[in-house]
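Reading the structure
Spelled out from the first residue to the last, the chains are:
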Amino acid sequence: MAGSARRRDGHIAQERMLEEAMAAIAEDGLAALTMSALAERLGTSGGHILYYFGSKDLLLLAALRWSETALAEERRSLLSRRLTAERKLDLFLRLYLPRGPRDPRWTLWIELWARTPANESLREAQRDLDRGWQEDLEALLTKGVAQGRFAPMDAAEVTERASELLALLDGLSTRVVLGQEQGRDPRPALEAARAAAERLIPRAR
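The text that follows walks through the structure, step by step, so that each part is easy to find. Computed from a prediction, not measured in an experiment: that's the story for all the values here.

Reading guide: rules and limits
- Residues numbered from 1 in each chain as written.
- Predicted model: local features only at pLDDT ≥ 70, side-chain atom pairs only at ≥ 80, totals over all residues.
- Heavy atoms only, no water.
- Phe/Tyr/Trp six-rings, centres within 6.5 Å; stacked < 30°, edge-to-face > 60°.
- Helix = DSSP H or I, 4+ residues; strand = E, 2+ residues; numbered from the N terminus.
- Buried < 20%, exposed > 50% of the residue type's maximum accessible area, 1.4 Å probe, protein only.
- Lys NZ or Arg CZ within 6 Å of the ring centre and 35° of its normal.
- Axes fitted to C-alpha atoms, helices over the stretch in contact; angles between N-to-C directions.
- Parallel < 35°, antiparallel > 145°, perpendicular 65-115°, else oblique.
- Left-handed = near helix turned anticlockwise from the far one by under 90°.
- Contact = heavy atoms within 4.5 Å.
- Nonpolar A, V, L, I, M, F, W, Y, C, P; charged D, E, K, R; others polar.
- Polar contact = N/O pair within 3.5 Å; in protein donor to acceptor, adjacent residues only side chain to side chain.
- Core = buried A, V, L, I, M, F, W, Y, C linked by side-chain atoms within 4.5 Å.

Scanning the model with the defined rule gives 6 aromatic pairs in all. Ring centres 5.4 Å apart and planes at 85° place the aromatic pair F92 and W133 in the edge-to-face group. Of this pair, F92 sits in helix α5 (residues 85–96) while W133 sits in helix α7 (residues 120–146); the two residues are 41 residues apart in sequence, bridging distant segments of the chain. Both residues of the pair, F92 and W133, count as buried. One aromatic cluster is present, built from ring pairs that chain together F92, Y96, W106, W109, W113 and W133. Between R75 and the ring centre of W133, over which it is positioned, the NZ or CZ distance is 4.2 Å. One residue, R105, lies across the ring of Y96, its end atom 5.9 Å from the ring centre.

In structure tokens, the structure reads:
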């Protein structure tokens, strides 16, 4: 059992709850994550967790948002680095794809997709999170075109190519998390993503 991460007022920090929820998903899968199991890991009660999040669905959405916030910071850092546009794109692909079949962030994404058709708040959350990846990829491609690293594209083409690449990455990521890639290994997905990126976003000649 993880130690109780309590603030001075005796409450478990919300960030600690989210961190532990992601760790539990990575270790045992989403199906095994219950309020009581998470409470046991934290040394608190299920009611205490529900006090902060209201339901398991809201806890899972908060955990996904927390994870995506950290990745958004990494994307901003990547875009500001003094690297070639091609290298930035490759690192962007690595950042987007799951690390393996037990990647908790992608497990949550798949769960979110399954629930969004009947839940407007989840659909809006999905759009918000997707928008950040789309905008940052468009910024990366636009700068690469301006620097003469990628073949010329107008703004509409940049948006279209970014959307197509992200859709492909979603499919590859789902296959990795579901264990459908060769030997449950994420590396073939990265190679497929690189090949797709070269076709969709050719280098300048």
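Looking now at the packing of helix α8 (residues 155–177) against helix α9 (residues 187–200). In a packed pair of helices, the relevant descriptors are the angle between the two axes and the axis-to-axis distance. Look at α8 against α9: their axes get within 10 Å of each other, and the N-to-C directions meet at 165°. Taken as axis vectors, α8 and α9 run roughly antiparallel relative to one another. The hand of the α8/α9 crossing is right-handed. Seen from α8, the contacting residues are R161, E164, L165, L168, L169, L172 and V176; seen from α9, they are A189, A192, A193, A196, A197 and L200. Residue composition of the contact of α8 with α9, by class: 11 nonpolar, no polar and 2 charged.

For E68, the location among the structural elements is in helix α4 (residues 56–80). You can call E68 buried: its relative accessible area is 4%. Once you skip the residues sitting within four places of it in the chain, E68 turns out to touch R75, R105, W109, L129 and W133. Among the polar contacts listed, one links the side chain of E68 to the side chain of W109, at a separation of 2.7 Å.

This brings us to the nonpolar core. Residues I49 and L165 are the most contacted members of the largest nonpolar core, which totals 60 residues. Beyond its immediate stretch of four places on either side in the chain, I49 contacts M17, M35, L38, A39, L42, T44, G54 and L59.

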